[in-house]
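Structural features, examined
The primary structure of each chain is shown beneath.
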Amino acid sequence: MSTPFPRGAAPTGQFPTVRMRRNRRAEWSRKLVSESRLSAADLIWPLFVLEGTKVRHPVASMPGVERLSIDLIVEAAREASDLGIPALALFPYTDPNLRSDDAREAFNPMNLVCRATRAIKATGLDIGIILDVALDPYTSHGHDGLVRDGVILNDETVAVLIKQSMVQVEAGADILAPSDMMDGRIGAIRAALEAAGHSDTQIMSYAAKYASAFYGPFRDAVGSSSTLKGDKRTYQMDPANSDEAMREVALDIAEGADMVMVKPGMPYLDIVRLVSETFKVPTFAYQVSGEYAMITGAAERGWLDADKTMMESLLAFKRAGAAGILTYFAPRAARKIAAEA
Ligand code: PBG
């Protein structure tokens, strides 16, 4: 920050010459001086895909979120497109029988996310498809990497991520989102894309991803919470650190990331602000499953107003400098925005 004063706090005068409440008196005036704005175009909708047709499975720890079979995912894509949501992020609920130590289902061109991507692309909708590049929905132990003697292997895992990336791009994924925090993965994936003629594929790196308890409900949704042994602290970041986040982001940009992400969202708004101000690259925040569960769970008990809390939490990401937000509230927030316009 170059000014000696924090944003908005320059000493412009004194009371009663200055009365800050003047600008807040009327709704029109509040709108006029508003510094941030949330639109449907800022939202990315994460969806959970499951096998079958016409199947919806509620995720108990995420009230209002359902895993959907591919036919219903296509309907959700149409809904998103109608609402002006520019992109979807797809995550699989993989059959436990297809999970293995070598995560081979991750590079099966007919896996759930690849089939779902092809089905959405076949509609011709102008909507971006983001696929996670990470092994956790496919491993028998729930870790994001291959494991030997209790150690998460880095380079061996990156080699599998490349194979996974290739089947995803060939299925039609527009944006690859490496989410496992292995070292060197962005550069390796970028080089493999380039070599295979996929120079236009975007990479949204989960660059500053923390080892967080807020991912609990997501692991329920993809079915990895019961299988996960231990924690992810040898690859995801320590919540105590922010300088380290800057190094992670700088590396991923240098390795060829087009956009970066900070995750989780609300407890890490300081990181969102630092990253967006320092690097001036499109910076996304992931309002993760646990954040969604806190709001919807409290709302179910009548302790919070779900719509108001949702809108306030999403606007806060924009204020912090986020280009956009991955949020399970995407369709609900987009409907709310449309209703208020
Ligand atoms: C997998 C992945 C996770 C999330 C997105 N991709 C979970 C994890 O790292 O354990 C979390 C999303 C959420 O909690 O909403 N690598």
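Attention in this report is confined to the structure presented alongside it. Per chain, residue numbering runs from 1 following the sequence as it is written. Local features in a predicted model are, by the rule used here, given only for residues with pLDDT of at least 70; side-chain atom pairs are given and counted only at 80 or more, and totals for whole chains, interfaces and linings are based on all residues. With hydrogens and water set aside, each side-chain value is computed from the structure's full complement of heavy atoms.

Counting secondary structure elements, the chain contains 11 helices and 12 strands. Expected size for 341 residues packed as a compact globule is a radius of gyration near 20 Å; at 21 Å, the chain falls within 12% of this value. Considering only C-alpha atoms, the chain reaches an extent of 70 × 45 × 40 Å along its principal axes. Burial status across the chain gives 52% buried among its 341 residues. Only DSSP runs of H or I with at least four residues qualify as helices, and only runs of E with at least two residues qualify as strands; both kinds are numbered from the N terminus onward. Both definitions apply: the radius of gyration is a C-alpha atom measure, and the globule rule equals 2.2 Å times residues to the power 0.38. Exposed residues in this analysis have more than 50% of their type's maximum accessible area, buried residues have under 20%, and partly exposed residues fall in between, with area computed by a 1.4 Å probe over protein chains only.

Attention shifts here to the site of the ligand. Being near a molecule or strand, for a residue, comes down to having at least one heavy atom within 4 Å of it. Not every one of the 19 residues close to the ligand is listed here, only the nearest: Arg219, Lys232, Lys263, Ser289 and Tyr328. N or O atoms within 3.5 Å of each other form a polar contact, as long as, within protein, one can give a hydrogen and the other can take it, and as long as residues adjacent in sequence are counted only when both atoms are side-chain atoms. Gln236 places a polar side-chain atom, nitrogen or oxygen, 2.8 Å from an oxygen atom of the ligand. Computed with a 1.4 Å probe, the accessible areas rest on the Shrake-Rupley method; for each residue, only the protein chains presented here act as cover. Expressed as a share of its isolated accessible area of 400 Å², the protein-covered part of the ligand is 100%. Sorting the residues of the shell around the ligand by element identifies strand E9 (202-209) and helix H6 (216-222) as the ones contributing at least two each. Following the grouping adopted for this structure description, the nonpolar residues are Ala, Val, Leu, Ile, Met, Phe, Trp, Tyr, Cys and Pro, the charged ones are Asp, Glu, Lys and Arg, and the polar ones are all others, Gly among them. Looking at the shell around the ligand, its residues break down into 9 nonpolar, 3 polar and 7 charged.

Here Asp144 lies in the loop between strand E5 (128-133) and strand E6 (147-148). A distance of 2.6 Å separates a polar atom in the side chain of Asp144 from a polar atom in the side chain of Lys232. Every residue pair with non-hydrogen atoms within 4.5 Å of one another is taken to be in contact. Contacts of Asp144, omitting those with residues within four sequence positions, involve Ala134, Leu135, Asp136, Thr157, Ser179, Asp180, Lys209, Lys232, Tyr235 and Gln236.

Right, let's get into helix H3 (residues 112-122). Turning to H3, its buried residues are Leu112, Val113, Cys114, Ala116, Thr117 and Ile120. Looking at the buried residues of H3, the elements they touch are strand E1 (43-50), helix H2 (70-83), strand E4 (87-92), E5 and helix H4 (155-171). Just downstream of H3 lies Gly124, where phi reads positive at about 80°.

For this document, the term salt bridge refers to a Lys or Arg side-chain nitrogen within 4 Å of an Asp or Glu carboxyl oxygen. This model, assessed by the stated rule, comprises 19 salt bridges. Of the charged contacts in the structure, one is a salt bridge between Arg104 and Asp102, with a shortest N-O distance of 3.3 Å. One salt bridge in this structure joins Asp136 and Lys232, with 3.8 Å as the shortest N-O distance. Here Asp136 is found in the loop between E5 and E6, whereas its partner Lys232 is found in the loop between H6 and helix H7 (243-254), with 96 residues between them in sequence. Judged by its relative accessible area of 5%, Asp136 is buried. For Lys232, a relative accessible area of 5% puts it in the buried group. In the salt-bridge network here, residues are joined through shared partners; they are Asp307, Arg332, Lys336 and Glu340.

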